[in-house]
Amino acid sequence: MSETLPSIQAATFAIGDFRLFALSDGEVSLDPVIFAHPEAVIEAKAQAARAGSETLQTAVNAYLLKSRERTILIDAGDNRGFGTETGQLIAAMKQVGIGPEDIDIVLLTHMHVDHVGHLADAAGSAVFRNAQLLVPDREWSFWWDDGTMSRAPAARLSAFKTARNATQPYKSCLHRFSDNEKLFSGVTAVSLPGHSPGHTGYLIDSNGDSVFIFGDVVHGTNFQFLHPEWGVAFDQDPELAASTRKRAFEMAA
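Caption draft 1: Looking closely at the sheet that holds strand 11 (residues 200-206). Strand order in this open sheet of four strands is 9-10-11-12, and the pairing throughout is antiparallel. Bordering the open sheet on either side are strand 9 (182-184) and strand 12 (209-213), each of which pairs with just one other strand. With direction set aside, neighbouring strand axes in the sheet form an average angle of 25°.

Caption draft 2: Representation of helix 1 (residues 38-50) within the structure. Between the first and last C-alpha of helix 1 there are 19 Å, a value that for 13 residues agrees with the 18 Å anticipated at 1.5 Å per step. Buried within helix 1 are the following residues: Ala40, Val41, Ala44 and Ala48. Down the axis, helix 1 shows its buried residues gathered within 100° of arc, on one side only. Seen from the open side of helix 1, the exposed residues pointing more than 90 degrees away from its buried face are Pro38, Ile42, Ala49 and Arg50. At its buried positions, helix 1 is contacted by strand 4 (56-66). Directly beyond the C-terminal end of helix 1, a positive phi value near 75° is found at Gly52.

Caption draft 3: Region of interest: the side chain of His199. Position of His199 relative to the elements: it lies in the loop between strand 10 (187-191) and strand 11. Side-chain polar atoms of His199 contact the backbone nitrogen of Asp216, separated by 3.0 Å. Residues contacting His199, with those up to four places away along its chain left out, are Thr109, His110, Glu139, Val190, Ser191, Leu192, Pro193, Phe214, Gly215, Asp216 and Val217.

Conventions we followed
Residues numbered from 1 in each chain as written. Predicted model: local features only at pLDDT ≥ 70, side-chain atom pairs only at ≥ 80, totals over all residues. Heavy atoms only, no water. Pairing = 2+ DSSP bridges. Helix = DSSP H or I, 4+ residues; strand = E, 2+ residues; numbered from the N terminus. Axes fitted to C-alpha atoms, helices over the stretch in contact; angles between N-to-C directions. Expected span 1.5 Å × (residues − 1). Buried < 20%, exposed > 50% of the residue type's maximum accessible area, 1.4 Å probe, protein only. Arc of directions from axis to C-beta. Contact = heavy atoms within 4.5 Å. Polar contact = N/O pair within 3.5 Å; in protein donor to acceptor, adjacent residues only side chain to side chain.

Next up, the structure:
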């Protein structure tokens, strides 16, 4: 059963012994041509047109998981990395009674700009100053490898810099975990590579209830469930991302 919170896009759910808050950081506008398949572009343009727009409005979400022992943030929003309509995460957290100082653990699905945006402030300090940062080992290794960065196209260099600047303040409290590792009671990492090298989802399971948070496995909800082979330009390995998408759907089903 969900409860819609007033004046912000947020909902709260009971998952066994956990309380899960789905929080919105805002929306970003996406050009339909980001979808790699020609038929997907047609569908995306039609979807945008039905909303009276030439672009798709796409939600940027984060999740707050609260138990008796821990307060966990899953992803850290965009914070205006893609435009002016994001940056609402901290306000959304406060409206459900949680401040940045209350976060014990930050889990990242991956290190793209719209998932690390609120980790560091303008001065380069940790926003979640009491938190340990947990990152998939393969994801961290990719973005912090100097050789990989040196070989990246010029257009990708800003992504490396953003990922590094956001996570730099947490190096002293960093935990890198393996594929499909059980992180603590009720929370297991699920390796979902393709969108990024170490892209990871989280299976939350408690007292017979469960929820699967799978990050950026899906961008076009109107058609990627029917056509999981249709990827987006942001997928680093499109073929692997498509295979992962099918597997994630099977898990969710």
